[in-house]
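Observations on the model geometry
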Amino acid sequence: MNLFRDHLLPQPSFSESDINHLPNIFEVIDKIKVLEQALLQRDNGWTDYDMMKDTGMSGMPLHAINHILCSDRVYINNEDPDCFILNRLASGRYCLKPNLRTHRFLFRGQKKHYSLIQSSFSRQNLFNQNISRIKYEEFVQLLRSHPLFMLFEHGIHLEGISKPLFLEMNYYGLSQHYNFNTGLVDFTSDIMAAAFFAVTKNNGDDNYEPYGGSPDNKVGVIYIHKINPFATFCAHGFGTIGQQIYPRTGAQKGFCYQEGRSKIPVENLVTPVFFRHDLECAKGLFKYMHSGETLFPKDDLSVISHEINHSKMISGESFTKYMYFCQNDASEVIRILTDNGISINWHNKRLFYPNMLKQYYENIRNGWWEEFCNKIAIINSNEKQIKESLLNLPKNPNYKQFFDPRQLELLHFFNYNRYNRAPCS
């Protein structure tokens, strides 16, 4: 079976006969799974990976070292395929990376093929790009005030590791998954997630519906990137979003391609696999994914992100941060914002106020922290200590203020009682 060659056209131009002979989305899913398993069996997982044949980089075998500093263990391990691996980044921080033990590909699904694969940010005009940057700053400013974001950014002293553990909070990736326009192109290691986006229409604000094609678009596409352990996440511009504090990125097994990070355009790093749109198949997949709730678990952040995205007011701090990174004239930017009905509130900040954290504290009481920690794999004895120490953080007096609403004010330099204004609206 040569899945790629059978259905690959650089600039697809399908006749009605061609379309009728294309597989439907479920047939593509099955064929991709078979191909992925064949590659894994050929190479005994990743252990006997033939670098010369597949990448031209001979003499660089993967190392099956179960040490927290070894990044290869995300490919070579005996852990649950659905778990997340504590993976060290070049920055020295760690991410919770989806387990790639049983995966050889990253996927992206689109209901229509385009010659260029672009982020939502790149498809905007200049004005909307500037607005997107400011909205992103609003969102990040908010997230940085969340107790757990502060906890992970400041570092945690845990048993089993000699240095403080810093978990990477991927603000850019998290923003992408909460409907902010960024320079990221979504990918996933889950073929079902990619297929969902390929057979649905996005009506905005996490509202999806099955898409069965149209008279001028009868063919959808799954883009496949074949993972190269020594290039994909180093030279090719791909990054890990993975498991974050909020569940959406983990549920989608999130990876991304960051525009501008690589000299190789993403369309040169993927192979398109085309399929025939079929409404009944789309409905079936939509139902299988629980109308999208599998990929978009309900949480309080989705409500907040919706408010920020649709607000006609921005905070002065977000505007100032935006101006720090751009070279535009501030008075001209203010004039353009005003002309478009957007005002600046110079005296307010985007913060998680106590009333906005009620759901968070309730989740903590109901076992959310334990559920979050238990998704992290234990690969060696040191990590067993790390995980047990992590699980016990809410009871650790040194970190109690991150979990106890009565100690929330200790996390901030300002007094909530004096500064407890309603957020921007």
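On a predicted model such as this, the values are computed, not experimentally measured, just so you know.

**Considerations on the overall build of the chain**
Each helix and strand in the chain was counted, giving 17 helices and 12 strands. In terms of overall size, the chain behaves like a compact globule, its C-alpha atoms giving a radius of gyration of 23 Å where 425 residues would be expected to give roughly 22 Å. In terms of overall dimensions, the chain has C-alpha extents of about 70 × 60 × 40 Å along its principal axes. The buried share of the chain, taken over its 425 residues, is 51%. Working note: accessible area of the chain is about 20,300 Å², and carbon and sulfur atoms make up 50% of it. Once the 45 positive and 44 negative side-chain charges of the chain are each reduced to a mean point, those two points are 3 Å apart.

**Some details on the side chain of asparagine 24**
Tracing the backbone through its elements, the reader meets asparagine 24 in the loop between α2 (16–21) and α3 (25–42). Relative accessible area serves as the criterion here: at 14%, asparagine 24 is assigned to the buried category.

**Structural notes on the nonpolar core**
Nonpolar side chains in soluble globular proteins tend to end up buried together. In terms of nonpolar packing, the biggest core is built from 51 residues, with Leu151, Phe152, Leu301, Phe352, Trp369, Leu393 and Phe403 touching the most fellow members. Leave out the neighbours within four places in its chain, and leucine 151 touches Ile156, Trp369, Leu393, Tyr399, Phe402 and Phe403. Leu100, Phe238, Ala377 and Ile379 belong to the second largest nonpolar core, which has 29 residues in total.

**What about empty space enclosed by the protein?**
Enumeration according to the criterion identifies 2 cavities of 30 Å³ or more in this entry. Taken as a whole, the largest cavity holds about 100 Å³ of empty space. Looking at the largest cavity, the residues that line it are Leu86, Leu96, Leu165, Leu167, Cys373, Ile376, Ala377, Glu383, Ile386, Lys387 and Leu390. With 4 residues, the top contributor of residues to the lining of the largest cavity is helix α16 (residues 381–391). Looking at the lining of the largest cavity, its residues break down into 9 nonpolar, no polar and 2 charged. There is about 50 Å³ of room inside the second largest cavity.

**Section: the pairing of strand β9 (residues 254–258)**
A large share of β9 lies buried, amounting to 4 of its 5 residues. With 5 bridges connecting them, strand β4 (residues 184–188) and β9 associate as antiparallel partners. Bridged to valine 185 within β9 is tyrosine 257.

**Quick look at helix α8 (residues 191–198)**
Counting buried residues along α8, 7 of its 8 residues qualify, which places the element largely inside the surrounding structure. Buried within α8 are the following residues: Ile191, Met192, Ala193, Ala194, Ala195, Phe196 and Ala198. The backbone nitrogen of methionine 192 lies 2.9 Å from a side-chain oxygen of the residue at the head of α8, namely aspartate 190.

**A few points about helix α14 (residues 358–365)**
All buried positions along α14 are accounted for by Tyr360, Tyr361 and Ile364. Each buried residue of α14 lies within a common arc of 95° when the element is viewed along its axis, so the set occupies one face. Residues of α14 that are exposed and point over 90 degrees away from its buried face: Lys358 and Arg365. Contacts from the buried residues of α14 go to α6 (147–154) and α15 (368–374).

**A word on unusual backbone geometry**
One non-glycine residue, aspartate 205, lies in the positive phi region at around 55°. Even without being a glycine, serine 291 presents a positive backbone phi close to 60°. Within the secondary structure layout, serine 291 lies in the loop between α10 (279–288) and α11 (300–310).

Conventions adopted
Position labels on residues start from 1 in each chain and follow its written sequence. Where local features are concerned, this predicted model is filtered to residues with pLDDT of at least 70; where side-chain atom pairs are given and counted, the filter is 80 or more; whole-chain, interface and lining totals use all residues. Heavy atoms throughout the structure, all of them, feed into the side-chain values; hydrogens and water do not. Helix and strand definitions follow DSSP, with helices as H or I runs of at least four residues and strands as E runs of at least two, each counted in order from the N terminus. Based on C-alpha atoms, the radius of gyration is set beside the globule rule, defined as 2.2 Å times the residue count to the power 0.38. Burial status follows relative accessibility: with a 1.4 Å probe on protein chains alone, a residue under 20% of its type maximum counts as buried, one over 50% as exposed, and anything between as partly exposed. Only the protein chains shown count as cover for residues, and all accessible areas are computed by the Shrake-Rupley method using a 1.4 Å probe. When charges are tallied, Lys and Arg are placed among the positive residues and Asp and Glu among the negative ones, while His and the ends of the chain are skipped. To locate a charge, the coordinates of NZ of Lys, CZ of Arg, CG of Asp or CD of Glu are taken. To form a nonpolar core, buried Ala, Val, Leu, Ile, Met, Phe, Trp, Tyr and Cys residues must be joined to one another through side-chain atoms within 4.5 Å. It only takes one pair of heavy atoms within 4.5 Å for two residues to be counted as in contact. Buried and open spaces are told apart on a 1 Å grid over the protein atoms alone, a cavity being a set of points where a 1.4 Å probe fits but cannot get out and a pocket being an open set with protein on both sides within 12 Å along at least five of seven lines. Residues with an atom within 4 Å of a point are the lining residues. Grid points are joined across faces, edges and corners, and a volume is the space filled by probe spheres set on the points. Think of it as three bins: nonpolar holds Ala, Val, Leu, Ile, Met, Phe, Trp, Tyr, Cys and Pro, charged holds Asp, Glu, Lys and Arg, and polar takes everything else, Gly as well. For two strands to be treated as a pair, DSSP must find no fewer than two bridges joining them. Each polar contact in these results corresponds to two N or O atoms within 3.5 Å; when the atoms are within protein, one needs to be able to donate a hydrogen and the other to accept it, and residues that are neighboring in sequence are counted only if both atoms are side-chain atoms. By definition, the arc is the one covered by directions from the helix axis to the C-beta atoms.

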